[in-house]
Amino acid sequence: MNTRMPALLTAGTLALTLTACGGGAPEEEPANEAAATPEEGGGNVLDLVAGLGESTQEIDNYTLDMEMVMPDPDMGEIDMTMTYEVMNDPEATQITMVMPFLGEMLLGLAETTGTGTGLTAEELGTSILIVPAGGEVLVSNHNGLQEVDTPWMRGLQNTDQVNPDDMFDINTLPEVVGAFSEIEQVEETGTEEISGVGTTVIEGTMTSEEIEAMSTEQRSAVDDLMGDVTGTLNVSFWITDDGFPMRIDMADDEADISMVFSSIDETSFEIPSEDEITDI
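Residues numbered from 1 in each chain as written. Predicted model: local features only at pLDDT ≥ 70, side-chain atom pairs only at ≥ 80, totals over all residues. Heavy atoms only, no water.

Trainee: Could you clarify how one ought to interpret the pairing of strand β4 (residues 126–132) in this entry?
Mentor: Note on strand geometry: in a regular strand, side chains alternate between the two faces of the sheet. β4 sits mainly inside the fold: six of its seven residues count as buried. Of the pairings in the sheet, the one linking strand β3 (residues 91–98) to β4 comprises seven bridges and is antiparallel in character. Residue pairing in the sheet places Ala92 in a bridge with Pro132 of β4. Sheet topology note: the β4/strand β5 (residues 138–140) ladder contains two bridges and is antiparallel. Directly across from Ile130, in β5, lies its bridge partner Leu138. From the end of β4 to the start of β5, which pair antiparallel, there are five residues, and Gly134 there has a positive phi angle of about 75°. (Buried < 20%, exposed > 50% of the residue type's maximum accessible area, 1.4 Å probe, protein only. Helix = DSSP H or I, 4+ residues; strand = E, 2+ residues; numbered from the N terminus. Pairing = 2+ DSSP bridges.)

Written out as structure tokens, the structure is:
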């Protein structure tokens, strides 16, 4: 059983709890989008894997869709999806989290207290934030739970605890993929387009011995995504011909996570105007 909750799930739960409950803070707890499809068999498999870390070091505009499923001793199987949009002009991050299991908890609480909202568990379990660089977090009022007349709010209590890097820090991706650069059990299994980009599919299995041999930084980066890895770790990469991992899947004996990149150098979203924001 995973004894350490992944940082992604912990930070996402905090963010959703803050926004769904009006800001009450709990004390506890890419490369070129136009890359050509690689020729069949092109590039040495080990060379592609070895170059993964370097290929992820200078990306500042992208969309990342993440899906995670893992067991919890109290709630059973829990799942979470997150769309993480990062743009560089202006610098801002938009995060959309969907956590149905937490929505079910909020729905049950609302029914118990007789304060039904008419929303579904998925609607209650969805949170949207915009985090401008150097600015205060903007919280979407898309589900109408906040007592404001505008679609966005600013200044909700303790949203300063919500840090995009705590949910997913692109700067740790080289450590994550670098951890798999020396997997011995690895093979090319085909080609596939991901987000319109041609990739080579590579699959491998990291043994418990190889996991133990990770550097401290690599193990920390993997644990932040997966929790405490148990047993062997199955990994799959969809790699462009210039070495960028457009998709990464990881699964151990209990947890399963998928990361898919898109709109590299093309991600953009609207920053709300001041008349669309209520300061709390």
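Right, picking up where we left off after that structure.
Trainee: Would you mind going over the confidence of the model for the chain with me for this structure?
Mentor: Predicted coordinates in areas of low pLDDT are best not read in detail. Chain-level pLDDT for the chain is 75 on average; 70% of the residues reach the 70-or-more range. Model confidence for the chain, summarised as mean pLDDT per element, is weakest for helix α1 (residues 7–20) at 49 and strongest for strand β12 (residues 277–279) at 94. Scored below 50 in pLDDT, residues 1–5 makes 21 contacts in the model with residues more than four places away or belonging to other chains. (pLDDT = per-residue confidence, 0-100. Contact = heavy atoms within 4.5 Å.)

Trainee: Could you clarify how one ought to interpret the pattern of salt bridges in this entry?
Mentor: Where side chains of opposite charge bring their charged atoms close, a pairing between them can arise. Under the criterion given, the structure shown has four salt bridges. Across the pair Glu274 and Arg154 runs a salt bridge, and its minimum N-O distance is 2.8 Å. With Glu274 in the loop between β11 (256–262) and β12 and Arg154 in strand β6 (residues 152–154), this residue pair connects regions lying 120 residues apart in the sequence. The closest approach of N and O atoms between Glu212 and Arg219, which form a salt bridge, is 4.0 Å. Glu212 gets classed as exposed once you look at its relative accessible area, which sits at 62%. Ionic contacts of the salt-bridge type, sharing partners, join the residues Arg154, Glu274 and Asp279 into one network. (Salt bridge = Lys/Arg side-chain N within 4 Å of Asp/Glu carboxyl O.)

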